[in-house]
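Coordinate inspection notes
The chain contents come next:
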Amino acid sequence: MSKPIVATTSLAGCFGCHMSILDIDERILDLFDLVEFNKSPIDDIKTFTKQCDIGIIEGGCCNSENVHVLKEFRKNCKILISLGECAIMGGLPALRNGIPVEECIREAYLEGPTVTLNKEGILPNDDELPMILDKVYPCHEIVKIDYFLPGCPPRADLIWNALVALLTGNEMDLPYEVVKFD
Amino acid sequence: MNSQLEKIIKKYDSDKFRLMDILIDIQAEFGFISKEATHDVAKELNMAVVDVEQTLTFYHFFTQKSTGKNTVYLNDSAVACMMGREEIKKAFEEAAGCKFGENSADGLIGLYNTACIGMNDQEPAAIINGKVFTKLTPAVAQQIVSGLKAGKNVQDLYHQELGDGKNAAAEVKSMVRNNIRRRGQVILNDFTPGVALKTKLSSMQPKDVIDEVKKSNIRGRGGAGFPTGLKWDFCSRSTGEKRYVLCNADEGEPGTFKDRVLLTERPEMLFEGMAIGGYAVGADQGILYLRYEYKYLETYLEKVLEDARKDNRLGKNIGGVNGFDFDIRIQFGAGAYVCGEETALIESGEGKRGEPRDKPPFPVEKGYLNMPTVINNVETFCAVVKIIENGGNWYKQMGTEESSGTKLLSISGDCAQPGVYEIEWGMTISQMLEMVGASNVQAVQVSGPSGQIIGPKDFDRKICYGDLATGGSMIVVDKTRDMLKDIVLNFMEFFIEESCGSCTTCRIVPKLMKDRLVKILNGKGVMKDIADLEDWAKILPVSRCGLGQTAANPIATSIKNFRELYEAKVQKDVDYDCGFDMNKAVQASCAFVDRVPNAH
Ligand SMILES: Cc1cc2nc3c(=O)[nH]c(=O)nc-3n(C[C@H](O)[C@H](O)[C@H](O)COP(=O)(O)O)c2cc1C
Ligand code: SF4
Ligand code: SF4
């Protein structure tokens, strides 16, 4: 039987969740025995080369490109997992959700205390650039998400247990320590 | 410091526990509460500025900017909308030349929304410069605005005769109507002030009073239904240097207005009931916590208090009973539904933001100023007077086994005879609908937004504890209404607006639920959305107070009783639809950076 195929991506996240995936330490070798990686920052494959079984998403959607990538994942993966607070709720980036997007752009490019070089007041509007969304959306408000793994980042053990459960079809082992956050 | 401001602060002895009164007077005097005034108040009351601001920003009727020389507060509760509020709103906006939430360019008129003002039986209604206007029409709205612009006194713009009963008294002069449709044996029956106080109490010890109230089996009429005798008993046993009797006249539950009618027609009875409470628990100070929306009754109620003092129904050695001293002051709120919750009410009465306290301790142990305190609804105090007059056994004969006595219902919505009805507990909803002249009924909202919305299959159920318990709000909804939009959505918006924000559950879940409901109403819903709503509703009971605990009820009970309305609106052949629209989502940012959206 061929190995299940996993893809991962980081959208509006800090890569902390991916760090946590790597934090399963030497078990990463077991993981490579168990699964094959496709599109992922871990192996630097940039585009899907085949249909995948599991897609792991870090971060929510703050721009049009995030939405595009997320929809690609939905198309190419049988199961999608929202990994971490940002993917599940928007997380830290969603702090801007209470502020009109115009104000955020003005602060970032024109009026913020660290804006010193943009003398001409240029705003990023090249067609090649992703377009900024009115607010940061959690993944499940864009596509259907099958599982949610909470934490910021979720502990390595939680990720490991979840993947093992998915791959073996066994019930997930969720001891108190791995879902306790403070 | 401004001399007017100085005078206001002096009037309340620079007492920080009277901050509400101080802010109310400043708002009335200057039309808003400025930064400077806030700083001056903080300094004089020896408080941090942020503490003053906490209170100031919590209440709807305190503002930090002017709300116009003349201010219109138009009710936006469900029944107001059912009775044609939208047309009135348009007429006001056209005439004033500004939108709701703004002042007109010349600053003459400010238009603002407000939650239920206790006039559901005579909507659409508004409070304009402190005066209540009922049964508005678009033409009347226009006349009012042009009158105000021409500098006329608001009272000269009344479009109706003065109301019935005491509404027409010189101290009230209001167009509000009582609409008393049915008088029962207890509260709306004949009443002579002072009989209980002067002829009964002299031969009763405080403990006898509590026993008589216990014998009557009366339960609190504010909604929660706690046995009144037991509450008084607890309070009388708690230790404290001083005790207080508070009356809850916040009447904020949309759809109730019976306390307003009692405050108009039975204030002597209410004050007598509070005095009896004072005698029973050993309190010499009473406070009537009155919602700001009823400020038009202030002068009148002060006069009733004054008359009671003159007649020895308040003051020292009341009714000739040696050492029975009791007096009452009126404490106004400033527009916050949550202040009807008893511990929030106490906080508010102490000049703070109306944030419910953790319980226990309950108010009977640590209430107002941390002293043992009894809090009861207006109607509860009124009923107690008759219980003392006629005995607990007399009272118990009425109603049902579990629910003794009578209950005032505030009935509004789609019926021929909206108004106040004093019924015996045990009446069925069908009987009630016949009594008020309602036909073609789709649903009845029992107990306001925090209660439940029921359909015909439940119309044989009884109004009583153990079945349909209620604080008295009954809203009839006929078959022409779009229930989910007209009622359920309006109520969810109400809870979101009125949450004090303390509990994460209450602050967030109702908003998420409302968004999901809107998605369903917009035709983007799927079956899973209905299941999600049911699941999320189960989270709310962990909230600290009754507001959050019941905030999902409009959606939860309408799904339970009218699931078909939801199912008719969701897409059956799709199992996921997020409702996300990329073009809409990038519109604002693209416009700001001057770029043509190229979403695909
Ligand atoms: C959000 C909220 C609002 C309330 N509003 C009122 C009110 O306007 N009037 C009232 O009497 N009780 C109100 N209550 C109930 C009070 O907390 C309290 O139970 C009642 O005043 C006790 O008086 P009773 O025993 O005579 O009913 C409210 C409760 C909650 C949770
Ligand atoms: S959830 Fe935490 S760790 Fe993960 S991307 Fe967001 S901020 Fe980083
Ligand atoms: S339930 Fe809501 S209103 Fe009540 S204390 Fe919590 S946040 Fe405040």
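In this text, all values refer to a predicted model and were calculated from it rather than measured experimentally.

1. Comments concerning the pattern of salt bridges
All names here are of chain B. Inspection of the entire model under this criterion finds 54 salt bridges over all chains. Close ionic contact of Arg 313 with Asp 311 constitutes a salt bridge, the shortest N to O distance being 2.8 Å. Note on Asp 311: relative accessible area 33%, which makes it partly exposed. Residue Asp 532 is joined to Arg 516 by a salt bridge in which the shortest nitrogen-to-oxygen separation is 2.8 Å. Here Arg 516 lies in helix α19 (residues 504–521) and Asp 532 lies in helix α20 (residues 527–537), a separation of 16 residues in the sequence. Classification of Arg 516 as buried rests on a relative accessible area of 16%. The structure contains a network of salt bridges with shared partners spanning Arg 516, Lys 519, Lys 528, Asp 529 and Asp 532.

2. A short note on the interface of chain B and chain A
At the junction of the two partners, chain B supplies 18 residues and chain A supplies 23 residues. Both faces combined, the contact of chain B with chain A buries some 1,800 Å², and carbon together with sulfur accounts for 65% of it. Summed over the shared surface of chain B and chain A, the number is one salt bridge. As a salt-bridge pair, Arg 595 of chain B and Asp 127 of chain A come within 3.8 Å of each other at their nearest N and O atoms.

3. Notes on the sheet that holds strand β3 (residues 109–114) of chain B
Residues and elements named next belong to chain B. One open sheet accounts for five strands, arranged β2-β3-β1-β4-β5; its pairing is mixed. Two strands close off the open sheet at either side, each with one partner strand: β2 (102–103) and β5 (131–133). Across three bridges, strand β4 (residues 126–128) lies against β5 in antiparallel orientation. Pairing of Ala 126 across the sheet is with Phe 133, part of β5. Lying over the sheet, helix α6 (residues 85–96) contacts β1 (70–75), β3 and β4, oriented at roughly 165 degrees with respect to β1. Strand contacts of helix α7 (residues 138–149): β1, β3, β4 and β5, with the helix running at about 140 degrees to β3, the strand carrying the most contacts.

4. A closer look at the site of ligand 1
All names here are of chain B. The environment of ligand 1 is made up of 19 residues, and the closest members are Gly 222, Asn 248, Asn 376, Asn 377 and Thr 380. Side-chain polar atom of Asn 248 to an oxygen atom of ligand 1: 2.9 Å apart, as the coordinates give it. Within the contact set of ligand 1, an oxygen atom lies 3.0 Å away from a backbone nitrogen or oxygen of Glu 251. Burial of ligand 1 by the surrounding chains reaches 91%, relative to a free accessible area of 610 Å². Grouping the constituent residues of the shell around ligand 1 by class yields four nonpolar, nine polar and six charged.

5. Quick notes on the domain arrangement of chain B
All names here are of chain B. The assigned domain composition of chain B is domain 1 (3–56), domain 2 (70–160), domain 3 (185–396), domain 4 (406–481) and domain 5 (484–567). In this complex, domain 2 contributes six residues to the contact, which on the side of domain 5 involves six residues. With both chains or domains summed, domain 2 and domain 5 bury close to 340 Å², and 67% of this area falls on carbon and sulfur atoms. Broken down residue by residue, the surface that domain 2 buries against domain 5 is led by Ala 78, Met 82 and Ala 115, which jointly contribute 82%. Along the contact surface separating domain 2 from domain 5 lie zero salt bridges. The tally of links from domain 2 across to domain 5 stands at two residue pairs in polar contact (both at pLDDT 80 or more). For the side of domain 2 that touches domain 5, the residue count by class is four nonpolar, one polar and one charged.

6. Overview of the environment of Ala 344 of chain B
Following the sequence through the fold, Ala 344 of chain B ends up in helix α14 (residues 342–349). Assessed through its relative accessible area of 0%, Ala 344 of chain B is described here as buried.

Calculation criteria
- Every residue gets a number counted from 1 within its own chain, in the order that chain's sequence is written.
- Chains carry letters from A onward and ligands carry numbers from 1 onward, assigned in written order.
- Whole-chain, interface and lining totals are the exception, using all residues; otherwise, since this is a predicted model, local features are given only for residues with pLDDT of at least 70 and side-chain atom pairs are given and counted only at 80 or more.
- The side-chain quantities take in all heavy atoms of the structure and omit both hydrogens and water.
- The working definition used for a salt bridge is a side-chain nitrogen of Lys or Arg within 4 Å of a carboxyl oxygen of Asp or Glu.
- Accessibility here uses a 1.4 Å probe with only protein chains present; expressed as a share of the type maximum, an area under 20% marks a residue as buried, one over 50% as exposed, and anything in between as partly exposed.
- Where helices and strands are cited, they refer to DSSP runs of H or I of at least four residues and of E of at least two residues respectively, numbered from the N terminus.
- The contact criterion used is simple: two residues touch if any of their non-hydrogen atoms lie within 4.5 Å.
- Buried area: the accessible surface (1.4 Å probe) lost by two parts on joining, summed over both.
- Pairing between two strands requires that DSSP report at least two bridges joining them.
- Here, axes are lines fitted to C-alpha atoms. For helices the fit covers the stretch in contact, and angles between N-to-C directions go from 0 to 180 degrees.
- Nearness here has a simple test: a residue counts as near a molecule or strand if at least one of its heavy atoms is within 4 Å of that partner.
- We call two N or O atoms a polar contact when they sit within 3.5 Å, provided that within protein one can donate a hydrogen and the other can accept it, with sequence-adjacent residues counted only if both atoms are side-chain atoms.
- All accessible areas in this document rest on Shrake-Rupley with a 1.4 Å probe, and a residue is counted as covered only by the protein chains that are shown.
- Gly is placed with the polar residues, together with every amino acid not listed as nonpolar (Ala, Val, Leu, Ile, Met, Phe, Trp, Tyr, Cys and Pro) or charged (Asp, Glu, Lys and Arg).
- Where each domain starts and ends comes from a domain assignment, either automatic or drawn from a database.

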